[in-house]
Amino acid sequence: MAGVPPDSRRAAMADEAESMTTFAVLRPDGLISYCSAPFAHLLSSEERVVVGTPIGAWLRPVEGAASGWFAVVRQSEGHLLRTGGVGQFRYRLDPMAGGGAVLHLMHGTGNLDPIYARAFQLNPGLSALSVLDTGEHLDVNDAWLRNMEYRRDEVIGRTASEMQVWEQGDTSRTEIVRRLREDGKIENFQARMRTRTGKLRDILVSAELVEHAGRKLAFFASHDITEVKKAQEELEALNRQLEQRIAERTAEIVRKNRELAEAAERAQAANEAKSQFLSVMSHEIRTPLNALLNMAELLIEDGNPAPAAAHLSGIASSARALAAIVDDVLDFSRIESGHLEIYPAATDIGRLCEEAVRGVAPLAHRKGLDIVLTFGQRLPATAMVDPLRLRQILFNLVGNAIKYTRKGWIEVRADVTGETAEPQLLVEVTDTGIGIRPNDLERIFERFSRIGADANHEIHGAGLGLNISAGLARAMGGTIRVESEVDRGSAFRVTLPLVTCGELAEDPLRQPLQGRVALLGPATRTRAAFEAILKRQGVGACVLDTAEPELVASSSEMDAALIILPIASEGLDANGTASLSDWFAAAKALSDRVLVLAPLGNASYRTLAEKSGLRVEAYPLAPPRLLAVLQGRAAPDPRPAPEKELSLAGIRVLVADDGEENRLVAQWVLSASGAQVITMESGRSAIDCAMRQSFDILLLDLRMPDLSGYETAVRIRALGGWAADVPIVAVSANIAPDKAQMQAAGIDGFLAKPFTPTALRAKVQGHLRHSAGDTEPDDSIRTDATPVLDESFLAAQVTYAGPDAVGKAIAGFLGNLDGRLSRIWSGADARERADAAHTLAGAAGALGLLDLATHCRRLASDRGDSPTASLRQDRDILASSARRAVAALREVRDKLAAGSSRQE
């Protein structure tokens, strides 16, 4: 266009650009779905008129078929005539994916290729076409115009230099042109362009070299990234701020963590100091307790008269109660540290409850409180529980009931609960005390909380009892709950998993008593409880509230008469002695068999009754003891039955203990069985003695002033000869022995203080048998002999659920057993192993597998501090127990299957 005036040249370029955009989009059926303004202009119409009409209504081919010419599958070119008008056009038809085509019309021979026109218009970015050499704009799209704030007539025919579009002058365009000449295209070239009003825009330029009609053109398809870069810069600034804040926060966290670590170390040191203090304190307190308890037990064994034996029994019971208080403090430390251990054993629940209740009954009686003990009909004869822990819970609950009850009564009930669900052992303590406010019920089991402390300043205590009881119940797999009403009393209910070891307890009366029994005395909770026990056994009971001669004379003769004396003389008349005589006379008038039941600890009642020639028994009494007395049989002693006399004749025992009382007790107990006992007050003196003479067994206190029991054992073992194999038993009042340290020192067993004479003799005898060749489990893992399978329990399950259901349960247990055992030993840590053992214990207990459930519960209490050798031994024991369980279950399964076949 050289020599053409600029205005004319720009007009020509505008016409050429307009013709380049002449196109329409056709549907497969030939309808026009879209057309450009130049296309409609060529057809002498408007876009809104053309769109939606058939292309055949406007154009037809010059040659070839007149219909369907637009339905092509390949690109085609040719000429079209205007239908019903004048004009011929060259066209190009480009098929589209999915059907339809794009129709380009060219009026003349100088127009650009329609491919360019289509790409140019469809590009959503900033499209521009310019002459490569001169930089003149041939065309720009609407997006370019809007973004750069120009009108079309202000751009076409002008160069970028004239318009000062590039921020850096011609530098950016020169670089673009150079790369187009070398590579034919350029992609994602960042530059800045200036709008008509002087605003700077960040542009991402992509261009391609296009040759058309002998000219080299630059086709631009660019994108405005101004907002993107702005957002990116803001994001980078924000990231820098965040990085700075994170660095500051990290430094703060590091500082806080360092402070927390230092505080944790101080707390750990304080906790260790507390544990050490508790250990030392327990040793100091237990030393006199041990002597007190053992001397009382020895005096009881000597066969003193009944009153003296009762007082001695009370001394021993009180000593045990005091020891239990010490245990509470120690157990608080164990529960906090997670080192509380549970040792289930076959336990007579009724006897345990009676021991605990009679041990604290004098405290209740001195306050004028009636305390009774009742059993449910489903209570088993024995069950697998930790007797020590259950006794501690009872002492705490009954002790609190006595403490917080001013008048009325306290009842301890043992039963089995759960008719439809899995049965559980229930121990309930109910009182008529001050009660608990509703807002205190949620925190009553928290440490250092006390019931009604603000209203009862005379009540003292550390507030640990209920917290410890709750922890013990959880450790045994159970729960403890409370219901209470202010000024009406409270009921604490302890539920524990029930694993029975025999039949349900049978009442002592195999057959109902003949005749009737009279109950005489003021109305009390004890009298009502005894009346209920008699009626449950089928015994006819006649209750007399007064001793009036007329009322007695009107009553028929009775087979037995029970006089139930009240706790305090307020239940009698002002002259208590005369009133007692009236009751005694009334009872003798009713029956030749008269029994006086007096509250435990009331010596005056006993003296007066015995002077009248009447037999006296102290209550509270458990139902079996009451019924045995009523039958004329000797009442079962609530204390553990004395062992058969063990002979230790010819046995030489070395006892090393820094407590004189403990040495004396051990010497008395073992000498009474025929043993020759040598006592030493320190570890060094014990070593010197062992160097001069030999012994059959050694008893070493773990805490001695010069050498500990561990060090003493190591040095004695090093002597060789007899000392290398002699049984060594550690004796201590500490929290618990260190099993790994015991094993390393060569100690064979452990006996906790305070111990009974029976326990000491049994321990010595057991280790002597073991050293002679008899097999005996290690003390650290020893439990009472437990049946493999509780057949009566499983038979009850068959009766309740049916043989098919029990058979399916057995099959499921056998199918899952290997996997459960594997999970116990493959756990990632001690917690996972304990959880797996707890799961298997529950499954085994549900099928009455007592031995397997016992071992699993013990493993579930492990906290990961067992030595490797102990873990291996645990694994062997559990595997052996599992094999026995599988054999027993298979036998039951076969019997069930055989029974089912016979029924068919």
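Residues numbered from 1 in each chain as written. Predicted model: local features only at pLDDT ≥ 70, side-chain atom pairs only at ≥ 80, totals over all residues. Heavy atoms only, no water.

If you look the chain up in an unreviewed UniProt entry, it shows as histidine kinase from Paracoccus versutus. The record held by UniProt for the chain lists under Subcellular location (unreviewed entry) the comment "Cell membrane". UniProt, in its Catalytic activity (unreviewed entry) section for the chain, records the words "ATP + protein L-histidine = ADP + protein N-phospho-L-histidine." (UniProt positions renumbered as here; feature names shortened; annotations may be inferred.)

Undergrad: Honestly, the side chain of Arg652 in this entry has me stumped. Any pointers?
TA: Looking at where Arg652 falls in the secondary structure, it is placed in strand β24 (residues 652-656). Among buried Asp, Glu, Lys and Arg side chains, Arg652 stands out as unpaired, with Asp696 the closest opposite charge at 5.7 Å. A distance of 3.3 Å separates the side chain of Arg652 from the side chain of Gln676, its partner in a polar contact. Not counting residues within four places of it along the chain, the set of residues in contact with Arg652 comprises Gln676, Gln693, Ser694, Phe695, Asp696 and Ile697. (Helix = DSSP H or I, 4+ residues; strand = E, 2+ residues; numbered from the N terminus. Buried < 20%, exposed > 50% of the residue type's maximum accessible area, 1.4 Å probe, protein only. Lys, Arg positive; Asp, Glu negative; His and termini not counted. Salt bridge = Lys/Arg side-chain N within 4 Å of Asp/Glu carboxyl O. Polar contact = N/O pair within 3.5 Å; in protein donor to acceptor, adjacent residues only side chain to side chain. Contact = heavy atoms within 4.5 Å.)

Undergrad: Even after reading the chapter, I still don't get the environment of Phe755, so can you show me in this structure?
TA: Along the chain, Phe755 turns up in the loop between β28 (749-752) and α23 (757-771). It is 10.0 Å that separates the C-alpha atoms of Phe755 and Ala666, two residues lying 89 residues apart in sequence.

Undergrad: Explanation requested: the sheet that holds strand β13 (residues 370-375) in the structure shown.
TA: Remark on secondary structure: sheet strands pair via backbone hydrogen bonds, oriented parallel or antiparallel. If you trace the 5 strands from one edge of the open sheet to the other, you get β13-β15-β16-β18-β17, paired in mixed fashion. Of all strands in the sheet, those bounded by a partner on one side alone are β13 and β17 (479-485). Going from strand to strand, the sheet's axes swing by 15° on average, the running direction of each strand aside. In this structure, β13 lies alongside strand β15 (residues 409-417), joined through 6 bridges in parallel fashion. Following the sheet pairing, Asp370 is matched in β15 by Trp409. Of the strands in this sheet, β17 and β18 (489-497) are in contact with helix α12 (residues 465-475), which crosses β17 at around 140°. (Pairing = 2+ DSSP bridges. Axes fitted to C-alpha atoms, helices over the stretch in contact; angles between N-to-C directions.)

Undergrad: Could you clarify how one ought to interpret the packing of aromatic side chains in this entry?
TA: By convention here, two paired aromatic rings are described through the distance between centres and the angle between planes. Tallying each qualifying case throughout the model produces 5 aromatic pairs. Directly above the aromatic system of Trp409 lies the positively charged group of Arg525, at a separation of 3.6 Å from the ring centroid. When the ring centre of Phe695 is taken as reference, the NZ or CZ atom of Arg652 above it lies at 4.8 Å. (Phe/Tyr/Trp six-rings, centres within 6.5 Å; stacked < 30°, edge-to-face > 60°. Lys NZ or Arg CZ within 6 Å of the ring centre and 35° of its normal.)

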